[in-house]
Amino acid sequence: MLRKLFARSYLARLLLFAIALVVLLQASTYFSARAAIRGTLLDSARHELEVGADVFSQLLEERAHQLTSSVSVLVDDFGFKEAVATGETATVLSALKNHSSRVGADRAMVIDSTGRMLADTVAERDSSFPFPDLLQQADRNGAASANVVLDGVPYQFVVATIRAPARIGWAAMGFQLDKNLAKTLKGLTKLEISFVAQAPGQSRYLASTLESNLHDELKLSLEPTSAKAGTVTQLQLGGETMLTLVAPLSSQGFSLAAVLQTPLANVMMPYTLLSQQLLWIALAGFALAVAMAVLVGRNLTRSVRSLASASQSVAAGDYSTPVLIESEDELGELARAFVKMQTAIGERETQILYQSQHDHLTGLANRSRALQMLAKAIETARAGEHGAAVLVLDVNRFKAVNDSFGHAVGDQVLQAIAQRLQQSVKHLDTCVRLDGDEFLVVLEHADGAQAEIVAKRLFAVLAEPIPLPDLQMSIDASFGIAVFPQDGDDAEILMRRAAIAMFSTKHSAQSVACYQSGWDERNLRRLSLLQDLKKALTSEGLHLAFQPKLSLSDDAYLGAEVLLRWRHPQLGPLSPDEFIPLAESSGNISLITMWVLERAILQLSEWQQVGFSVRLSVNISALDLLERGFINHVERLLLQHGVLAQQLCLELTESSLMQEAQQSLATLRQLQELGIRLSVDDFGTGYSSLSQLRKMPVDEIKIDKSFVLNLADSAEDRIIVRSTIELGHNMGLQVVAEGVENEQSREILRGFGCDMVQGYLLSKPIPAADFAVWAKQHFANLKRGPVNAISIR
């Protein structure tokens, strides 16, 4: 009957044709949509895995840049190079631990020039560095990085060559590729992350965000796989299919790889729901008109194509391509979910890029960003035929802020400095935090004079007190300037030379210095002198010379100042003004102080044995007072040579004493309790507080020779000297004037009531034997014997 109906009725046949057409169209649309959506979701999942691999690569690259910058700072440190060159393992290990702590590194080591391990912050070992290729690469490029497995632990290592100037070894520093890193990456990408070391026929688990019961199964699943690195495959773990991407990290012994995974079920969850919804749409289409069926099929095809096109744009790195599906149905829901995923991936990549180029504490650009900005400023300056400058500043004594008030206050200070820098420069200029307490400013369209003006303005801005909870803090900073093109035409060179200029201010009264031609060579000379100075302490290269002092109230009262002399085997006589600051900056001043003390006290003992009773004064650094065991060492020398403490006087310069006043006070009191005399040298050249000086347990002050040399001709100098003598006497202190070179100056000082004088009027500095002859002749002329005063510097 139906057959007759269809045979006779065109409408029936049309309906049958329409229904068949709708069924055919709906069926084809249904299955093609399923296939397209499944493919799109799988492509998206694969892309998410690939993006995760890119995110991980960028994270490792940023950590490598951070490590490279930190290791470069370490290997450029003069004291560290000197410790490596002399094989001082304890000093090297201490420096490694301190530097690792600052940058958060998990392991650091030093390898000597033969390739053997000199120091390791994790394990004591006496063996060769297991990755010689990395050392060779560091020699070629200055620094090298690699991901390796060491002692069963995966690390991201950076190795830098230590040169002084020839290679004396390598420094290595690294972060662990551990579970914490895997969790961090999982937080960014929502992927499961595992680190696995593979060798032929075996896989070894190292760290993973997977449940612990899946670790062994992961190893077994990876061993027989034939998937190439970088290809997304499917693995069965715990009865669940995981989309897997193996990203190789290293091939040092083991093939170290990062395994990125996401459950296939999670990926296909929208697909399952959509398949059910599409089926209901297809069933409803049977009851609709042919036109409605065709319309639905056409809309489905258009939506799927839009999603596929958007997926291809995301795969190409374009996250701004719109998905043109505005419906409120399931396809619209899928489109909105796709848009959210598209936006989230774009935001994460933007965030990662920002973090890789900015300092997290201050928000300023970091060193890698600074190099880019400086290189851009140089290109702009070169094209416009104008200048560009880089300004490096270092906060003086910032370590004391952290030690005294804690790192939280130190961080607030750094944030305040960053804010003031940004507010004080032009919008075209870039402020950068290099590392620790070092900052950098890139000045566009600026020459040396303009850069110096900016530096002085910033110095004044930073000097204004910083309001902090319960205190206010003033900042003292040192500034170094290098200018394009006269100081260099490369970003790295300009930054290095600006840093050299900044360090030059540490040993001068200036706060701002511009790079000068030849300072690179001067740095090499300083490093060479540091190495030679330690040799001179054991090779009789140093010796003492004595300059007499006389009392103005008792001609029989004799003293002397001892001056340290160094005759370099190649450079000849060197001034203490050159090598003493080097010793202080490198932390070796205590070696020189102990050398002078030991020989001065020995000379006291020798004179005492021949009936020549004297008092010696030895100049020391304020840094010596901070050394543990300093007091015990001085007391032990006095007892060893049978010399009374009253025969020894220690002198400190006014400026150094005031810099470390609070820390030095207890040590000075203990020295005075032993009976040792204390003196403030070069008085009048520093900026000491009289209230602080009054608290110091000192016995005498020495007026600097700059006020005495022209005493006879300068009324201003006479006023200053007379006021200083009266001030010292009112404080109960003896006053000594140095630099007396004529009889008229001595008589003026005698009239002012000065206690003792010293200078070329009496004698130039002479060896100990000559000094004894001079003293004998002096007392022969007076026909009296000495009282008990020879002072040594």
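Owing to the predicted nature of the structure, the values given are computational and were not obtained by experimental measurement.

With respect to the overall build of the chain
Reasoning step 1: When helices and strands are tallied, the chain shows 26 helices and 26 strands.
Reasoning step 2: Across the 793 residues in the chain, those meeting the buried criterion constitute 50%.
Reasoning step 3: Carbon and sulfur atoms make up 52% of the accessible area of the chain, which amounts to about 38200 Å² in all.

Here's the deal with the pairing of strand 5 (residues 167–176)
Along a regular strand, successive side chains alternate from one face of the sheet to the other.
Reasoning step 1: Among the 10 residues in strand 5, 8 count as buried, and that is most of the element.
Reasoning step 2: Across 6 bridges, the pairing between strand 1 (residues 107–112) and strand 5 is antiparallel. Paired with R107 across the bridge in strand 5 is G174.
Reasoning step 3: One ladder, built from 9 bridges, connects strand 4 (residues 153–163) with strand 5; its direction is antiparallel. Bridging across to strand 5, Y155 finds its partner in Q176.
Reasoning step 4: Here strand 4 folds back onto strand 5, and the loop between the two strands holds 3 residues.

Observations regarding the sheet that holds strand 12 (residues 430–435)
Reasoning step 1: Pairing is mixed in the open sheet, where 5 strands are placed in the order 12-13-11-16-17. Strand pairing shows two members of the sheet lacking a second neighbour, strand 12 and strand 17 (512–514), which therefore form its edges. Strand-to-strand twist of the sheet, defined as the mean angle between neighbouring strand axes without regard to direction, takes the value 20°.
Reasoning step 2: One ladder, built from 5 bridges, connects strand 12 with strand 13 (residues 438–444); its direction is antiparallel. Note that in strand 13 the partner of C431 across the bridge is V441.

Re the side chain of D624
Reasoning step 1: Looking at where D624 falls in the secondary structure, it is placed in helix 19 (residues 622–625).
Reasoning step 2: At a separation of 2.6 Å, a polar atom in the side chain of D624 contacts the side chain of T593.
Reasoning step 3: In this structure the side chain of D624 is engaged in a polar contact, spanning 2.9 Å, whose partner is the backbone nitrogen of S621.

Notes on the pattern of salt bridges
Reasoning step 1: Enumeration over the complete set of coordinates arrives at 13 salt bridges.
Reasoning step 2: Its salt-bridge partner being R722, residue E726 comes within 3.7 Å of it at the nearest N-O pair. Of the two residues, E726 and R722 both sit in helix 24 (residues 715–730), 4 residues apart, roughly one turn of that helix.
Reasoning step 3: For E726, a relative accessible area of 43% gives the class partly exposed.
Reasoning step 4: Judged by its relative accessible area of 45%, R722 falls in the partly exposed class.
Reasoning step 5: Shared partners join several salt bridges into a network, and the residues in it are E561, E651, K702 and E738.

Definitions and limits used
Residues numbered from 1 in each chain as written. Predicted model: local features only at pLDDT ≥ 70, side-chain atom pairs only at ≥ 80, totals over all residues. Heavy atoms only, no water. Helix = DSSP H or I, 4+ residues; strand = E, 2+ residues; numbered from the N terminus. Buried < 20%, exposed > 50% of the residue type's maximum accessible area, 1.4 Å probe, protein only. Areas by Shrake-Rupley, 256 points an atom, 1.4 Å probe, with all protein chains shown as cover. Pairing = 2+ DSSP bridges. Axes fitted to C-alpha atoms, helices over the stretch in contact; angles between N-to-C directions. Polar contact = N/O pair within 3.5 Å; in protein donor to acceptor, adjacent residues only side chain to side chain. Salt bridge = Lys/Arg side-chain N within 4 Å of Asp/Glu carboxyl O.

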